[in-house]
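One-letter residues, chain by chain:
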Amino acid sequence: MKKIVVLVSGNGSNLQSIIDASQQNRINGYVAAVFSNNADAYGLQRAEQADIPAHFINPKDYADRTNYDIALLKAIDQYAPDLVVLAGYMRILSPEFVQHYYGRLLNIHPSLLPKYPGLHTHRKAIENGDKEHGTSVHFVTEELDGGPIILQAKVPIFVGDKETEVIGRVQTQEHHIYPLVISWFLDQRLVMEGNNAIMDGKVLPPQGYASE
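Right, let's walk through the structure included here. Computed from a predicted structure; not experimentally measured.

### Brief notes about the nonpolar core
Then comes step 1: Val-6, Val-34, Ile-150, Tyr-178 and Ile-182 are the most contacted members of the largest nonpolar core, which totals 36 residues.
Then comes step 2: A total of 7 residues in this core trace back to one element, the largest contributor, which is helix α6 (residues 163-186).
Then comes step 3: Apart from residues no more than four positions distant in its own chain, Ile-182 is found in contact with Ile-4, Ile-18, Ile-27, Leu-83, Val-85 and Leu-106.
Then comes step 4: Counting residues in each nonpolar core, the second largest holds 21 residues, with Tyr-68, Ile-76, Tyr-79 and Phe-97 among its members.

Now the structure itself:
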């Protein structure tokens, strides 16, 4: 069984979807450890409830982002992960960290990238009058939310929608597509070469697998 390490900063609902997929044998791997920069992250409790080692590493104990990330990757490497997964991890990663896990580092971002990198994506989509929104799973590169896209899922935005309603719709899709992409990677169907995501030997289009 392949080993996954998951990084969280908050609630950890995507972490839970990965744990569930592993327990249901929908992915050929298991979560070996969970790390957080936030001592109060509920994701750490989710890990503990599933008997998964849960670690809080305090950014205040380090002089800068690079030193923190070096300490983090050394702690992660004790688990020898095949894949490192960002699941609501709210720190920008240093180039050193990204390069260390190059090609085996995934993120899920709540927008149809390249639209709305960064924060407050749901609010921006509503304020701009978008009729659809969604989520993107991508490989991580040094460009913020800019790595090659693997898979996206779209949801509608209806007139009068509140932000919480759109968030709920997006998260439902996230919980389906993130374990799926992880399973592709662990089954060696999915790799990153250069700045391309390659699925079953074919370069994926800019918006990922099954894009229109």
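Next comes the rest of the write-up.
### Brief notes about unusual backbone geometry
Then comes step 1: For the peptide bond that leads from Leu-113 to Pro-114, omega is 10°, which places it in the cis range.
Then comes step 2: With respect to the helices and strands, the residue Pro-114 is situated in the loop between β5 (105-109) and α5 (121-127).
Then comes step 3: You will see that Tyr-116, though not glycine, has its phi angle at about 55°, which is positive.
Then comes step 4: Look at Gln-188: it is not a glycine, yet its phi comes out positive at around 65°.
Then comes step 5: By relative accessible area, which is 65% here, Gln-188 ends up exposed.

### Examining the packing of aromatic side chains
Then comes step 1: This structure, assessed with the given rule, holds 5 aromatic pairs.
Then comes step 2: Considering the side-chain rings of Tyr-62 and Tyr-68, the 5.6 Å spacing of their centres and the 80° angle between planes classify their relative orientation as edge-to-face.
Then comes step 3: Relative accessible area serves as the criterion here: at 1%, Tyr-68 is assigned to the buried category.
Then comes step 4: Ring centres of Trp-184 and Tyr-209 lie 5.1 Å apart, and the angle between their planes is 65°; on these two criteria the pair is classed as edge-to-face. Residue Trp-184 is found in helix α6, and its partner Tyr-209 is found in the segment after β10 (202-203); the two are separated by 25 residues along the sequence.
Then comes step 5: The exposure class of Trp-184 is buried, given its relative accessible area of 7%.

### Quick look at the pairing of strand β7 (residues 149-156)
Then comes step 1: The element β7 is largely enclosed, with a buried count of 6 among its 8 residues.
Then comes step 2: Pairing of strand β6 (residues 132-139) with β7, which is carried by 7 bridges, proceeds in the antiparallel orientation. Of the residues in β7, the one forming a bridge with Gly-134 is Lys-154.

### As for helix α1 (residues 13-23)
Then comes step 1: Within α1, 8 of the 11 residues are buried, which leaves the element mostly enclosed by the surrounding structure.
Then comes step 2: Turning to α1, the residues buried within the fold contact β1 (2-8), β2 (29-36), α2 (42-49), β4 (83-86), β5 and α6.
Then comes step 3: Looking one or two residues beyond α1, the residue adopting positive phi is Asn-25, at roughly 60°.

### Things to note about the sheet that holds β2
Then comes step 1: Spatially, 7 strands are ordered β3-β2-β1-β4-β5-β6-β7 in an open sheet, and the strand pairing comes out mixed. Since the sheet does not close on itself, it has two edges, and those belong to β3 (54-56) and β7, each with one partner. Across the sheet, the axes of successive neighbouring strands diverge by a mean angle of 20°, strand direction being ignored.
Then comes step 2: With 3 bridges joining them, β2 and β3 adopt parallel strand pairing. Bridging from a neighbouring strand, Val-34 pairs with Ala-54 of β3.

Basis of the calculations
- Each chain carries its own residue numbering, running from 1 in the direction its sequence is written.
- Given that this is a predicted model, residues contribute local features only at a pLDDT of at least 70 and side-chain atom pairs are listed and counted only at 80 or more, while totals for whole chains, interfaces and linings are drawn from all residues.
- Side-chain metrics in this entry use all non-hydrogen atoms of the structure; hydrogen atoms and water are not considered.
- Residue types Ala, Val, Leu, Ile, Met, Phe, Trp, Tyr and Cys, when buried and joined through side-chain atoms within 4.5 Å, form a set referred to as a nonpolar core.
- Throughout, exposure labels follow a simple rule: accessible area from a 1.4 Å probe, protein chains only, divided by the maximum for the residue type, with under 20% read as buried, over 50% as exposed, and the rest as partly exposed.
- In this description a helix means any DSSP run of H or I spanning at least four residues, a strand means any run of E spanning at least two, and both kinds are numbered starting from the N terminus.
- Residues are treated as being in contact if the distance between any of their heavy atoms lies within 4.5 Å.
- When the centres of two rings from Phe, Tyr and Trp lie within 6.5 Å, Trp using its six-membered ring, the rings pair. Their planes under 30 degrees apart give stacked, over 60 give edge-to-face, and anything left gives tilted.
- Pairing between two strands requires that DSSP report at least two bridges joining them.
- Fitted lines through C-alpha atoms give the axes, limited to the stretch in contact for helices. The angle between two N-to-C directions lies from 0 to 180 degrees.

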